[in-house]
Every structure is written in C-alpha cells, then in structure tokens.
Amino acid sequence: MNGLRELVSALAQKHGTRRESLLPILQGIQAHEHYLSDDAMVEVARALDLSTAQVYGTATFYSFLVTRPQGRHVIRLCRTITCVMHGKNQLLKELETLLKVRVGETTADGLFTLLETNCLGQCHQGPAILIDDEPYTRLTPERIRVIVAEYQQKAALESENSGLINS
Amino acid sequence: MAPRHLMRLDLIFKDEHDVAPLVRQTLARGRDDIVNELIASGLKGRGGAGFPTGLKWKLTADAPGDEKYVICNADEGEPGTFKDREILMRVPEKVLAGMAVCAKVIGARQGFIYLRGEYRFLRAQLQQVIDGFHAVLDEAGLPFRIEIFMGSGAYICGEESALFESMEGQRGEPRNKPPYPTQCGFRNAPTVINNVETLAHTYSIFKYGAEKFRDLGVQDSRGSKVFSVSGDTPVPGIYELEFGMTLQRFVEDFGDGDTKAVQVGGASGFCVPRKRFERTIIGYQGKLTGTSLPTGGSMMLFNSSRSMYNVLHNYLEFFVEESCGQCTPCRVGTQQLLRGIEGVKRGELSSATLDALLDLAETMRLTAKCGLGQSVANSFASIVENFREEMIY
C-alpha cells in the first residue's frame, strides 16, 4: 500500500492533480502494476480530490485499463473481419492450445493474459496481435509459437537472474 | 499483374522531412491569406465526415476566446483503416507543420496529438520528432507546443467531443452538438480538431499551392486521398489516389478478379455490391446518397467465397462492444440488431424480422446521439438489403 501511495504521488507530480491528469495517471499505474486495484483507485481519488466513483467510472470505460489482475504480458488478438479472413481463428486456436487458456484468461504461471480486441490498424498485414505495446503482424501458427517461446525464455532468464541475486 | 488504371499519387508520402523552410515561410504570411488559400483548395476533413478544413480554421479563428487549441485526431479506430499510422510513421513532420500553421491562424499556444492506445509503439519516435520541431518553432518565433495524449482503447474517442471528454479525464462519452468544437471544444475553448491526414494535406497545399491541389479530384471532392486497402486483394496496403474514381475502376486495380462487394468507409461505412460498382463514385458529392461515398479511406474487399452474414455479424459485434452506452438507441439498438440477425440465421425468427431490424437501424440513424450510433444503419442496411438471402440461408 505504501509503494502504491508513492507511485500515485510520483505520477501526480508528473501529470498534475487536475481531473485532466486522471487518464495519464491511471495509464501510469497500469504500466507499473499491470492492473488498477481498488486500493490504487482509492489512492488516485484521494490525490486528485475526486470521488472513487469518478475514478472507477473513467477507469472502467477504457478497454486498455483493467480493474482485475492480469498477466505480465497481455496478448491482444485483432478480431476484425479482415484479420478473421486471413487466419485469426487458427491463430486463436493455436494460442489457446499453447497457453492452455481461453480468451479472457491468464496463464497459470501469470505470464500471459489472452484477449481479443478491435481493429489494431494492421489490416493489410493480418492477422495481427499486440503483445503489450508491440505489434506483431502476418502471423501464422508457426510464428506465434516462436514469439511466445521468446517471451517465455526471457521470463525464465529473468527469474533465474533474480533468483541468483536473492541467493 | 493487376491492371493499373488509377493514377498513384505521391504527395503525402513524398520524402520531405525538412519542413522548417516551409513552416517559416508560411508562418510569415497573414492569417487571412493562409485561411483563404486553404478554403480555395477545397480540402475537406479526411477522417470521413468531410467538413471543409479552411472553414473550420476560420470559424475557430473568429470565435471569441483567449485560449484556443489545435488537436490532431490520431485515434484511428475504424476497422480497415491504417493510413494515419502510416503517415505518423513516415511523414510526421508534415502533420506537425500543419498543426503549427493552424496554431498561428487561430491563435493557439498549445496543441495535442491524441494517439490511440493501440499505437503506443509509435510514441517514442513521434516524441523525438516533436522535440526537434519545437526548435523550429522557437526559431520562427511561434509560441506553440505540441504534446502527445495517449488514448486507452476506445473507438468512440475518435468522435471529437468524446475525445475532448477523454482528454479531460472523463469517460469518452460524446457531448450534445451544438455547440461545435470551433466554439466550444477542449476545456470548452474554441478548438480545431483535424484528422492526421488532413493536417498532412495542409502542408502540401501550403507548399505547392491551392491550385495544384484543386486540380486533383472532381466537383466537391478535391485533392487526393490516402486509402487503406485490405481484404481479398493481391495488393493490400496504403495507396494515395485521386478522388472521384468509380468503384469499378478501383476494383479492377485492387480486386482479385472475384470481388463480390466492397465495404467503403469501414464498419460505419457502406457495403457496395458488384452490380453497383460502376455507378458508385468515391468522394463527396453533395448529399449522401449511397452512389457517392465519402470515406475515411477504409476499403475492404470481399470475394465470392465470403459470407456477408459473417461480415455484418463481425461489424455488429464491434458496435455492441464500442457503443459508449450513453444513449438508448445505440446501446440497445446495436444489441438488438445483433440478436436479430443471429435469430434469423438460426431460423428462430422469420425472415420478415429483417424488415423490423431495418426500421430499427433507421430509428438509430435518426435518434442516436452521435455518429457511432447513427452510422450503424449504413453498413446494416447496405448489407441486409443487398445480401438478404445470405442473412437467411
């Protein structure tokens, strides 16, 4: 909770404490914590002198802001018709098999949340996904396996390193 | 190889990254001189609605108020559109130049680029370009600064008043109009809000003159337009074309030889079946009749292997999710349209239900608060009327 207070106050310092600062602050918390907890929203309301309902109202309007915990990486799969025409459903099946989750769920290791999203603006090179902020285009089931494996390796390496530091 | 009837233009993406000389030169001109040239060019908003850009600048310049704002709308969310991303990646300097000239005309000290959350990966590069551009402005003596404001995944925020709400920390729910942004926009101050492509075009107009721009296009549709071509086409991508082509010529250039329909303008646009390709002109010509189609530039091609039911179903799911929920016609209407076509398809509802749904769509066109709800009827009616049997069987 203390860390949260510091985070919110740092973000308020950066973006200001006006109502206009709300969205950038919420985005900043999410970038850091991967989701907006009740505690975080209460803290923001206090810092900006808003009601918690106002903060919650804004937070829940936007699809990239979430109020439930999600994985370290969020995979957003474009579901617009042109991506569907170029193999989105095969890609989705591959991801569901690979990650052992369905759309909306988070992997058991907490590494990935799998979501569908509306047009990513990559229609000429579909099917497309976003992993966090990074777009990946012209995907095939083969390529997505490689990409997911890269994220998994990186995460394994990081936890190994942090394990070394801890010991 | 597909035939190439249509002239490919290269105004927007022409490699002109050093915009400083033109910015200095244009900022030295008088306000009226600049606005008059823009009006003479016939440039209309390239986001899809097609409001005359010169007039928008003039109205905002004339509006009373000390604080005014320039906002670049980069919340490109219409399915099938990706031109603004390409422009911001390849020629962002031109967009910034357009914003600076606008700031001078209307007397703004602050500008924003509202960048959709899906394009966050563009942010760092764009910020660099902005930083460099600020030096150009300092040199030219224009007290104007540009900031990036990040969206967070909401199609509705491309609607200008919803975009202001979002920037003000609110839910992105559209406001009543009037008043229009030229009088009462961001922070209730007079605001020019232009699409990315529109601003880039103003650069070309100031550089090459209104005449040259006017020479392109037909009647009410002047200049060139950047089209986002996707779907069943051997050559998907971004193309800058002259306004006023028939859809037939377009399909001959970009189709795969088996094009059954083209969705012009994305999910909120119109579906044109093959038999109407010849009669359909891409551009603004007086009133919206369905034979001349204004567009933000989304062109999705479908060949005969595609089910138009699936296309419509996809669009309706999109609208159900992206409706802001503020007004009843849109919130409930989108859901009922989706349920309705599902019921007809499953045989649970009679095919006559489609007529009731068409009435509902028309009601939404008349009663929804903003362009989102009003334009659901465009794709719904044009697909159901032209491909009715595909909705039923």
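Model, not experiment: these values are computed from the prediction.

Asker: Tell me about the sheet that holds strand β3 (residues 129-131) of chain A, and please be specific about residues and values.
Answerer: Residue and element names in this part refer to chain A. The strand order across the open sheet built from four strands is β2-β1-β3-β4, with neighbouring strands paired in mixed fashion. The open sheet terminates on both sides in strands that have one partner only, identified here as β2 (112-117) and β4 (134-136). Each adjacent strand pair in this sheet contributes to an overall mean axis angle of 25°, direction not counted. As judged from the six bridges shared by strand β1 (residues 73-78) and β2, these two strands associate in the parallel manner. By the bridge assignment, H73 is partnered in β2 with F112.

Asker: Can you break down unusual backbone geometry residue by residue, with the values?
Answerer: Phi is mostly negative for residues that are not glycine, and the peptide bonds are mostly trans. G126(A) connects to P127(A) through a cis peptide bond whose omega is -5°. One non-glycine residue, H34(A), lies in positive phi territory at about 70°. In this structure H34(A) comes out as partly exposed when scored by relative accessible area, which is 28%. Positive phi outside glycine occurs at R187(B), with the angle close to 55°. A relative accessible area of 32% places R187(B) in the partly exposed class.

Asker: Please provide a residue-by-residue account of the side chain of E78(B), values included.
Answerer: As for its position among the elements, E78(B) is in the loop between β1 (69-74) and α4 (83-90). Buried charge without a partner: E78(B) forms no salt bridge, and the closest opposite charge is R116(B), 10 Å away.

Asker: Quick rundown of the packing of helix α2 (residues 31-41) of chain B against helix α5 (residues 92-106) of chain B? Include the residues and the values.
Answerer: To characterise two packed helices, one gives the angle between the axes of the helices and the distance between these axes. All names here are of chain B. Packing of α2 against α5 leaves a shortest axis separation of 9 Å and a crossing angle of 125°. With respect to their mutual orientation, α2 and α5 come out oblique. In the crossing of α2 with α5, the sense of the turn from one axis to the other is left-handed. Across the interface between the two elements, R31, I34 and V35 of α2 pack against V101, K104 and V105 of α5. The residue makeup of the contact of α2 with α5, split by class, is four nonpolar, no polar and two charged.

Asker: Now, about the packing of helix α2 (residues 22-33) of chain A against helix α3 (residues 38-48) of chain A: what can you tell me, with residues and values included?
Answerer: Residue and element names in this part refer to chain A. Running from amino to carboxyl end, α2 crosses α3 at an angle of 145°, the nearest separation of the two axes being 11 Å. Considering only the axes of α2 and α3, their crossing is right-handed. For the pair α2 and α3, the contacting residues are L22, I25, L26 and I29 in the first and A40, V44 and L48 in the second. Its residues assigned to classes, the contact of α2 with α3 shows seven nonpolar, no polar and no charged.

Asker: Please set out the UniProt feature "binding site: [2Fe-2S] cluster" (unreviewed entry) in chain A residue by residue, giving values where relevant.
Answerer: Residue and element names in this part refer to chain A. Under the feature "binding site: [2Fe-2S] cluster" (unreviewed entry), the UniProt entry names C78, C83, C119 and C123. Annotated residues spanning 46 residues; largest pairwise C-alpha distance 9.2 Å, indicating a single compact cluster. Positionally, C78 belongs in strand β1. Accessibility expressed as a relative area gives 3% for C78, which makes it buried. On the secondary structure map, C83 appears in helix α5 (residues 81-85).

Asker: Let's hear about the pairing of strand β10 (residues 270-273) of chain B: which residues, and what values?
Answerer: Within a regular beta strand, the side chains point alternately toward one face of the sheet and then the other, so they alternate between its two faces. Residues and elements named next belong to chain B. Because side chains alternate across β10, one face comprises the buried residues F270 and V272, and the other comprises C271 and P273, equally buried. Note: strand β9 (residues 259-264) against β10, four bridges, orientation antiparallel. Across the sheet, V264 pairs through a bridge with F270, a residue of β10. Linking β9 back to β10 in an antiparallel pair, the connection comprises five residues, with G265 at a positive phi of about 95°.

Asker: Lay out the interface of chain A and chain B in plain terms, naming residues and giving numbers.
Answerer: Between chain A and chain B, the residue contacts involve 33 residues of the former and 50 residues of the latter. Taken together, the two surfaces of chain A and chain B that pack against each other cover about 3200 Å², and 55% of this comes from carbon and sulfur. Our count for the contact surface shared by chain A and chain B stands at two salt bridges. When the shortest N-O distance is used, the salt bridge between E321(B) and R79(A) registers 2.3 Å. If you look at where chain A meets chain B, you find 21 residue pairs in polar contact (both at pLDDT 80 or more).

About the cut-offs
- Residues numbered from 1 in each chain as written.
- Chains lettered and ligands numbered in written order.
- Predicted model: local features only at pLDDT ≥ 70, side-chain atom pairs only at ≥ 80, totals over all residues.
- Heavy atoms only, no water.
- Pairing = 2+ DSSP bridges.
- Helix = DSSP H or I, 4+ residues; strand = E, 2+ residues; numbered from the N terminus.
- Axes fitted to C-alpha atoms, helices over the stretch in contact; angles between N-to-C directions.
- Buried < 20%, exposed > 50% of the residue type's maximum accessible area, 1.4 Å probe, protein only.
- Lys, Arg positive; Asp, Glu negative; His and termini not counted.
- Salt bridge = Lys/Arg side-chain N within 4 Å of Asp/Glu carboxyl O.
- Parallel < 35°, antiparallel > 145°, perpendicular 65-115°, else oblique.
- Left-handed = near helix turned anticlockwise from the far one by under 90°.
- Contact = heavy atoms within 4.5 Å.
- Nonpolar A, V, L, I, M, F, W, Y, C, P; charged D, E, K, R; others polar.
- UniProt positions renumbered as here; feature names shortened; annotations may be inferred.
- Buried area = accessible area lost by both parts, 1.4 Å probe.
- Polar contact = N/O pair within 3.5 Å; in protein donor to acceptor, adjacent residues only side chain to side chain.

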